[in-house]
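# Inside the fold
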Amino acid sequence: MKNRGMAFSYNDKSSHYSVFLYIIGFMFSHSLLEFKPVLAQNSPVFACDITSNPGLANLTFCDASLTVETRVSDLVQRLTLSEKIGFLVSGAGGVSRLGIPRYEWWSEALHGVSYTGPGVHFSGLIPAATSFPQVILTAASFNVTLFETIGKVVSTEARAMYNVGLAGLTYWSPNINIFRDPRWGRGQETPGEDPTLTSKYGAAYVRGLQQTDDGSKDKLKVAACCKHYTAYDVDNWKGIQRYNFNAVVTQQDMDDTFQPPFKSCVLEGNVASVMCSYNQVNGKPTCGDPDLLAGIIRGEWNLNGYIVTDCDSLNEIFNSQHYTKTPEETAALGLNSGVDLNCGSWLSKYTQGAFNQKLVNESVIDRAISNNFATLMRLGFFDGNPRNHIYGNLGPKDVCTPENQELAREAARQGIVLLKNTAGSLPLTPTAIKSLAVIGPNANVTKTMIGNYEGTPCKYTTPLQGLTASVATIYKPGCSDVSCNTAQLDDAKKIASTADAVVMVMGSDQSIERESLDRVNITLPGQQSVLIAEVAKVAKGPVILVIMSGGGMDVQFAVDNPKITSILWVGFPGEAGGAALADVIFGYYNPSGRLPMTWYPQSYADAVPMTIMNMRPDPATNYPGRTYRFYTGPTVFTFGHGLSYSQFKHRLDQAPTFVSIPLEEKHTCRSTKCKSIDTVEQSCSNLGFNVHLRVKNMGKISGSHTIFLFNSPPSVHNAPQKHLLGFEKVHLTPQEEGVVKFNVDVCKHLSGHDELGNKKVALGQHVLHIGDLKHSFTVKI
């Protein structure tokens, strides 16, 4: 989405920042020209206010006892065409004669209630909201329960803010695009490169946001939105812009990489909305492709909700892509393709003209606003004063609670990844450390920790503050900012040479990687690597390198340097990131995070254009492929890598040696040599097996351990070399043994897509990777 706010640049190093942040954020999160009276009110926006206007009680659409379909039908038939058009855009018009106020659809809640978008405002009444880690770090926890729990807390805070007039009910989150290329500036917003993890994250976070506590299946706590549909992951790379980029994608890659998270979001998460992206896919703008929208989202997946454009997407179709000849044709293309809501104003300006020119029928407009109204009715927007209904008692007391803030700290702890750890380095013993040198441009930052699509956090704990809470520290930034054009070596080396240990907090921030800014280099910016190497030379104690970033970094030099004893990746760890980092460094918490993306060497970025969408390698052109599923070249760290302060031992208890798929006697595969069979086969349905694994904590520290279940299928149909089937997290005390169970559905988990996109189960030898074990089994007929 376009960043329409935050034109103001904050000084990240100000220790006083948290005191006045909400004032600045309030002033600058949106253009001063966009200030609206809603800011001054302390009551929610809602329709059907029968208390103030008893006459509304006679309107069918205000009768909450009726079905949503009946109420929507009644409302739509009462509207004029002009009024209908007003409900096609994010700043939706009101109809005072029917007791319907204006409503702003655009709110964000990527990792906490955000001031990005005009639907949310912070004020003295609620000056802040809990700011969880940026999604990429939360995903590194590989904890589905945590994903959903965070969503539940965010929706509670959103409802509390709605009740005092500071927020809406519709949130355009989460971002479930695949982190295909390490340079993508928005990779930080996503759950990583793997379709299985991304699918599980998306569905769980959506459930947390949407599900109500009264068990109602059709009601919504808030409405989530899965974005950006689809094959969207180039923002601005070497001048190539997302607004007119044409993603050329094979059907196979579409079906086994880019589409699965959106399919899960709709079918398993029951998401209320899907947002189409700016880019084209194979020559067609996604917001103007009836096959992608009406055909797949609405048709195949049966979305119960609305389809929304990314902000000003229709403008980009006309003005950047020159795909249509007139603005009216563009409006009609979007509506006829399946768009229900336009973020922006295009449809409010040009739908009437499109109708007059007979480019779009009123029935299409009715369909669109019906989907929008149905969503608002599921949210209770048409049920009168929300204070009289579920969640009506929520308010300022329910935002930034101690429990919510502790969850932000716990989420960061669970996600932090220990990448390297030399014996005798981490954890540090606080009583043995008389002085700790803390160095680096990210060592005392605040806003950097919360990444983008952020809100005003409850408070900040910087890395320096977190570490200082346990031991005496000496701090030097080493660089004036993360760009580190000139390393301040002397000061840094001086404190490192006398301290008992050194913690260097390096990495990036939004000036390096963000929406509208992809990276070219995936090395540490500027002279950061020089600073690290020079400090390591003179340090008398262990040197712990901490990387704060959204994407991976080529830090091979640090991996190879024996003087750099430990490396941690902390993503953008949220408001409590400094406290969580200290918890891990001092051993109060045993790290269990695993990388949700591959860390590549810079040579990969030099050799591979970001714009090639193919996931699979091409030996003819020396194209190496992408992500752990297909890439075979050198890596700095692999997907799923992460160390612990404990050692965990695995033992396989149960797994099959063969799986037999029953086929009828006349099936063609009984008389010919088939490489695979279609998953639509009757015989493949409901066929599965169990995998049981014993896991023992061999160490002296309690800790959590993530167990991945990968499968390497036979190499037919350009299959992935390895594919994640599932993951489980188990917590074990020292010497405790636990059992982890996986249920493998043959059709669902062992299938892949052939070159034409057909779903197939490969016959022959498959290899399961479980923990550090491998187990072969044969799928036969």
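Residues numbered from 1 in each chain as written. Predicted model: local features only at pLDDT ≥ 70, side-chain atom pairs only at ≥ 80, totals over all residues. Heavy atoms only, no water.

This chain's UniProt record puts "domain: Fibronectin type III-like" (unreviewed entry) on residues 705-774. Its end C-alpha atoms 18 Å apart, residues 705-774 is made of 6% helix and 61% strand. (UniProt positions renumbered as here; feature names shortened; annotations may be inferred. Helix = DSSP H or I, 4+ residues; strand = E, 2+ residues; numbered from the N terminus.)

Any covalent bond linking the sulfur atoms of two cysteines counts as a disulfide. Taken as a whole, this structure holds seven disulfides when the rule is applied. The side chain of cysteine 226 participates in a disulfide bridge whose partner is cysteine 265; the two sulfur atoms lie 1.7 Å from each other. On the criterion of sequence distance, the pair formed by cysteine 226 in strand E3 (residues 226-229) and cysteine 265 in helix H8 (residues 260-267) is long-range, its members being 39 residues apart. Note on accessibility: cysteine 226 and cysteine 265 belong to one class, buried. Residue pairing for cysteine 669: its cysteine sulfur links by disulfide to cysteine 674, the two sulfurs lying 2.1 Å apart. The S-S bond linking cysteine 669 to cysteine 674 shows a torsion near -95°; that makes this disulfide left-handed. Of the residues examined, cysteine 674 reaches a relative accessible area of 23% and is grouped as partly exposed. (Disulfide = S-S within 2.5 Å. Buried < 20%, exposed > 50% of the residue type's maximum accessible area, 1.4 Å probe, protein only.)

Time to look at helix H14 (residues 402-415). Here H14 contains 14 residues, and its C-alpha end-to-end distance of 20 Å stays within 8% of the 20 Å for a straight helix at 1.5 Å per residue. The element H14 is extensively covered by neighbouring structure, given that ten of its 14 residues are classed as buried. Considered for burial, the residues of H14 that qualify are Asn404, Gln405, Leu407, Ala408, Glu410, Ala411, Ala412, Arg413, Gln414 and Gly415. In this fold, the buried residues of H14 make contact with helix H4 (135-139), helix H5 (144-163), strand E11 (417-421), helix H19 (577-585) and strand E22 (723-732). (Expected span 1.5 Å × (residues − 1). Contact = heavy atoms within 4.5 Å.)

Interaxial distance between H5 and helix H6 (residues 195-210) falls to 7 Å at its minimum, and their mutual angle equals 35°. Crossing of H5 over H6 shows right-handed handedness. In this structure, H5 contributes Val144, Phe147, Glu148, Ile150, Gly151, Lys152, Val154 and Ser155 to the contact, and H6 contributes Leu197, Lys200, Tyr201, Ala204, Tyr205, Arg207, Gly208 and Leu209. Along the lines of polarity and charge, the residues of the contact of H5 with H6 split into nine nonpolar, three polar and four charged. (Axes fitted to C-alpha atoms, helices over the stretch in contact; angles between N-to-C directions. Left-handed = near helix turned anticlockwise from the far one by under 90°. Nonpolar A, V, L, I, M, F, W, Y, C, P; charged D, E, K, R; others polar.)

Sheet strands pair by backbone hydrogen bonding; their relative direction is either parallel or antiparallel. Spatially, E17-E20-E23 is the arrangement adopted by the three strands of the open sheet, whose pairing is antiparallel. The outermost strands of the open sheet, each flanked by one partner alone, are strand E17 (648-654) and strand E23 (737-745). Each neighbouring strand pair of the sheet contributes to a mean axis angle of 25°, computed without reference to strand direction. Strand direction decides the pairing type here: strand E20 (residues 688-697) and E23, joined by nine bridges, are antiparallel. From the neighbouring strand, phenylalanine 689 faces E23, where its bridge partner is valine 744. (Pairing = 2+ DSSP bridges.)

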